[in-house]
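Topology and contacts: notes
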Amino acid sequence: MEFETRAIHAGQEPDPLTGSVNVPIYQTSTYAQDGVLKMRGGHDYARTINPTRTALEECLASLEGGKHGVCFSSGMGATTAIMELFSPGSRTVAINDVYGGTYRLFSKLYATKGYDYEFVDLTDEGTARQAFERPADLVWLETPSNPLLKIVDIAAIAERAHAAGAVVVVDNTFASPYLQQPLALGADIVVHSTTKYIGGHSDAVGGAAITNDDETAERLHFVQNSMGAVPGPLDAFLTLRGAKTLAVRMERHCDNAAGIARWLTESPAVSHVYYPGLAAHPGHETAKRQMKRFGGMIAFQVNGGRPAVDAALADTGVWTLGESLGGVESLIEHPGAMTHASLAGSGFEVPDDLIRLSVGIEHVDDLMHDLVAMLARATQSRSRPIQ
Ligand SMILES: *Cc1c(COP(=O)(O)O)cnc(C)c1O
């Protein structure tokens, strides 16, 4: 079956009791047993197993072309569960342009417990070669990365990483499984913040890890049950409902973002546009190879520095000024002060004149109209005399 069909049907048989076409929200904490340890379908306690969650796990596994899906209460919950597969003394090589929350978890929590992290630019051939001269236990990739939309060649890095003995994890949140399926490119585990494109409606926080390896899946389920960062049944239901329309939403996200990115490159208010769909993007060829399309995320730098950013973002019109991404509504933000503030002092700081867009699925003319106004204000802020 094709992706669009699996999104709607994988793990989602009509309810056996009533025929309900949607998997019910099994809002329960426990299950009646027919005798001591005579459980119905293995259901004993809802931290351990919940049918709404199971449906979501099966659907997400299918969308990533994986055998097993394990869901968590947030993307960071999923990331934490994966780190729990490793021990103090383990060496992780992570892309330096990593999600701020992942950087915080690694550098401020696990690093203090004796886990070793190196944040390196894995888009650079020489740097990547050097990083894998020593054995490694884990390689953490994000592509496209956040917020600079760098593209890592997953297959090439996975080959190097495996030769160094490492497990390869790809955070596929920005691309979504519709645009990119890292397991087929050699990754061992895919991680998602389902809060973003998969849920797609900015109404539920969640995370998932997907793998083809039976033993890894068993260990992840053990961590899920032991640590307990599980999604509630309502959140699992909302995420599953969002996943059904992932393909059609992603197509519109990509259409709108492609148009806006091209237009931004021509604006005199803009000094640089980061979008992998642009031929001038250094990762364009790799993105073309490993992604179906180029996604809905754009970053750009404005002329005039932080004052121009503040002037632009003083009134954002139909764009919502806010963190997060991947929902139907368009979001705009300043990574330096907002999503990526936790990178301060890391040696990897995002430019202060950078604006990030999560392009939604509204009509592109409305989105353009308000961007024009924002950039006009950014330009005016530059020509205002200094007082
Ligand atoms: C949001 C995000 C996360 C963290 O997910 P939460 O659901 O917020 O915990 C991880 N990686 C990326 C790329 C993200 O955008």
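This text gives an overview of the structure that appears in the document. (Residues numbered from 1 in each chain as written. Predicted model: local features only at pLDDT ≥ 70, side-chain atom pairs only at ≥ 80, totals over all residues. Heavy atoms only, no water.)

**A short note on the sheet that holds strand β4 (residues 138-142)**
- A sheet is described by the order of its strands in space; here 7 strands give the open sequence β1-β7-β6-β5-β4-β2-β3, paired in mixed fashion. Of all the strands in the sheet, the pair left with one neighbour each is β1 (68-72) and β3 (116-120). Direction aside, neighbouring strands of the sheet carry axes that sit 20° apart on average.
- Each of β1 and β7 (207-211) touches helix α2 (residues 51-63); the most contacted strand, β1, lies at about 130° to it. (Pairing = 2+ DSSP bridges. Helix = DSSP H or I, 4+ residues; strand = E, 2+ residues; numbered from the N terminus. Axes fitted to C-alpha atoms, helices over the stretch in contact; angles between N-to-C directions. Contact = heavy atoms within 4.5 Å.)

**Description of the nonpolar core**
- Within the largest apolar cluster, 44 residues are counted, with the highest numbers of intra-cluster contacts made by Ile 82, Leu 122, Val 139 and Trp 140.
- Sequence-distant contacts of Ile 82, that is, excluding residues within four places in its chain, are made with Trp 140, Val 169, Ile 189, Val 191, Ala 209 and Leu 220.
- Ala 55, Leu 148, Leu 246 and Val 350 belong to the second-largest nonpolar core, a separate cluster that totals 38 residues. (Core = buried A, V, L, I, M, F, W, Y, C linked by side-chain atoms within 4.5 Å. Buried < 20%, exposed > 50% of the residue type's maximum accessible area, 1.4 Å probe, protein only.)

**Quick look at unusual backbone geometry**
- A cis amide bond links Thr 143 with the next residue in sequence, Pro 144, at an omega value of -5°.
- Its place among the elements puts Pro 144 in the loop between β4 and α6 (154-163).
- Following Asn 146, the chain continues to Pro 147 via a peptide bond in cis, the omega torsion being 10°.
- Mapped onto the secondary structure, Pro 147 falls in the loop between β4 and α6.
- The phi torsion at Ser 176 lies on the positive side, around 70°, for a residue other than glycine.
- Of note, the phi angle at Ser 324 is positive, near 80°, even though the residue is not glycine.
- With respect to the secondary-structure elements, Ser 324 resides in the loop between β10 (320-321) and β11 (331-333).
- Exposure remark for Ser 324: the relative accessible area of 29% places this residue in the partly exposed category.

**Some remarks on the site of the ligand**
- Around the ligand there are 13 residues in total, and Gly 75, Asp 171, Ser 193, Thr 195 and Lys 196 lie nearest to it.
- When isolated, the ligand has an accessible area of 380 Å², and the protein chains bury 91% of it.
- Residue composition of the shell around the ligand, grouped by class: 4 nonpolar, 6 polar and 3 charged. (Near = heavy atom within 4 Å. Areas by Shrake-Rupley, 256 points an atom, 1.4 Å probe, with all protein chains shown as cover. Nonpolar A, V, L, I, M, F, W, Y, C, P; charged D, E, K, R; others polar.)

**Here's the deal with the side chain of Asp 171**
- Within the secondary structure layout, Asp 171 lies in strand β5 (residues 167-171).
- Of the side chains with opposite charge, Lys 196 lies nearest to the buried Asp 171, which makes no salt bridge, at 7.4 Å.
- There is a polar contact of 2.6 Å between the side chain of Asp 171 and the side chain of Thr 173. (Lys, Arg positive; Asp, Glu negative; His and termini not counted. Salt bridge = Lys/Arg side-chain N within 4 Å of Asp/Glu carboxyl O. Polar contact = N/O pair within 3.5 Å; in protein donor to acceptor, adjacent residues only side chain to side chain.)

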